[in-house]
Amino acid sequence: MLRISNLNIKLYDTVMTRAWLKLYLNLKINPDLIIDNSGIGNETFTNDIREANKKFGFDWPTNPTTQNEYNQMHKDIETAPKHKADLLQSIHNHLHVREAGDNGASQIQFCWTESLGQFYKKKPVLIDMPEDAEPFSKKLKYGDVFLGFPHIGKSPEVCMLQNDNSNLPQTCRLHDKIVCDILISLVDRICDTDEQLLSWHGTNEITMFTKEKMLKYNGWAIIGEVINKDDIVNIDRKNLRMTYAKD
C-alpha cells in the first residue's frame with residue numbers, strides 16, 4: 001500500500017508499477033508539491049513568464065493566448081540546459097494548465113522538482129520503460145493513479161491535437177521513460193485517437209518511432225487506484241509525506 005498525504009493507494013502488480021516503485025524506493029524522497037490543472041491566475045502566469053525571460057533570455061509575450069504562442073514556449077523550454085530544467089518545472093506545469101483552459105480540474109499531480117537536484121550524477125531520477133511493459137490503458141476512471149509524462153516535449157497525441165507539427169524530432173516524444181511524478185484522475189476519460197494517430201504518423205513521415213510503439217504508449221500508464229476515493233476532494237496539499245508498505 002502506498003500512502004500520500006491522506007490518500008491510500010493500491011498499487012497493481014504490473015511491470016510498470018514494479019519499475020516505478022523500484023525508482024521511488026531507490027530515491028525515497030517526498031514530492032515537492034501537489035498541484036492540479038484547475039487554472040492558473042493571469043498574474044501568476046505573467047510573473048512566471050517574466051522570470052523565465054529574465055533567467056533564460058526568452059522572448060515570450062507576457063500574455064500569451066494562442067496555441068502557436070504556447071507551442072513556441074514549449075520549443076524554448078525543450079532547448080533549455082538540462083541541468084537547469086528544475087528551474088523551469090513550475091512554468092512548464094503552469095503552461096500545460098493554461099493550455100487546458102478553464103474547464104475545472106481533471107487531475108491531481110504529485111511533483112518532484114527541486115529536491116531531485118541532490119541526486120544529480122549520483123542516482124538516476126528517471127529510468128527506461130521496460131520493454132515488456134503493458135500497453136497503456138485506453139480508459140481512465142476517477143481515482144486511477146497513472147505515471148506522469150517524463151519528457152519536456154509532448155506525446156504524439158498532444159502534438160497532433162495541438163497541431164504542433166514543427167520540429168517534431170525535437171518536440172515529439174514517446175512515454176518511454178519513467179519518472180517519480182504520478183497523477184490521480186478526477187474524471188472518467190477514454191482515449192480514442194489511435195486511428196487519427198496512424199494517419200498523423202503517415203502524414204508527418206515519422207521516423208523517430210514505429211506506429212506500433214506509438215499506439216502502445218497512447219493512453220495512460222495506470223499503476224494503481226486510490227482506495228479512499230471520497231477523500232480525494234479533501235486532499236491535504238500541505239502534507240507531502242509519502243510512505244510505502246507491502247500489503
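Quick note: structure is the one above.
Residues numbered from 1 in each chain as written. Predicted model: local features only at pLDDT ≥ 70, side-chain atom pairs only at ≥ 80, totals over all residues. Heavy atoms only, no water.

Caption draft 1: View of helix α2 (residues 42-56). Taking 1.5 Å per residue, 15 residues should reach 21 Å; α2 reaches 21 Å between its end C-alpha atoms and fits that length. Residues of α2 that are buried: Phe45, Thr46, Asp48, Ile49, Ala52, Asn53 and Phe56. All buried residues of α2 fall inside an arc of 155° around its axis, so they share one side. Exposed and oriented more than 90 degrees from the buried face of α2 are Glu43 and Lys54. At the exit of α2 stands Gly57, carrying a positive phi of roughly 75°. (Helix = DSSP H or I, 4+ residues; strand = E, 2+ residues; numbered from the N terminus. Expected span 1.5 Å × (residues − 1). Buried < 20%, exposed > 50% of the residue type's maximum accessible area, 1.4 Å probe, protein only. Arc of directions from axis to C-beta.)

Caption draft 2: Expanded view of the pattern of salt bridges. Counted according to the given criterion, the structure contains 10 salt bridges. For Arg237, the salt bridge identified is with Asp36, shortest N-O distance 2.8 Å. Placement of the pair is Arg237 in the loop between β11 (222-226) and β12 (242-244) and Asp36 in strand β3 (residues 33-36), with a sequence separation of 201 residues. Among the ionic pairs, Lys154 bridges to Asp164, the shortest N-O distance being 2.9 Å. With a gap of 10 residues between them, Lys154 in the loop between β7 (144-147) and α5 (156-161) and Asp164 in the loop between α5 and α6 (168-171) connect regions that are remote in the sequence. Both residues of the pair, Lys154 and Asp164, belong to the buried class. (Salt bridge = Lys/Arg side-chain N within 4 Å of Asp/Glu carboxyl O.)

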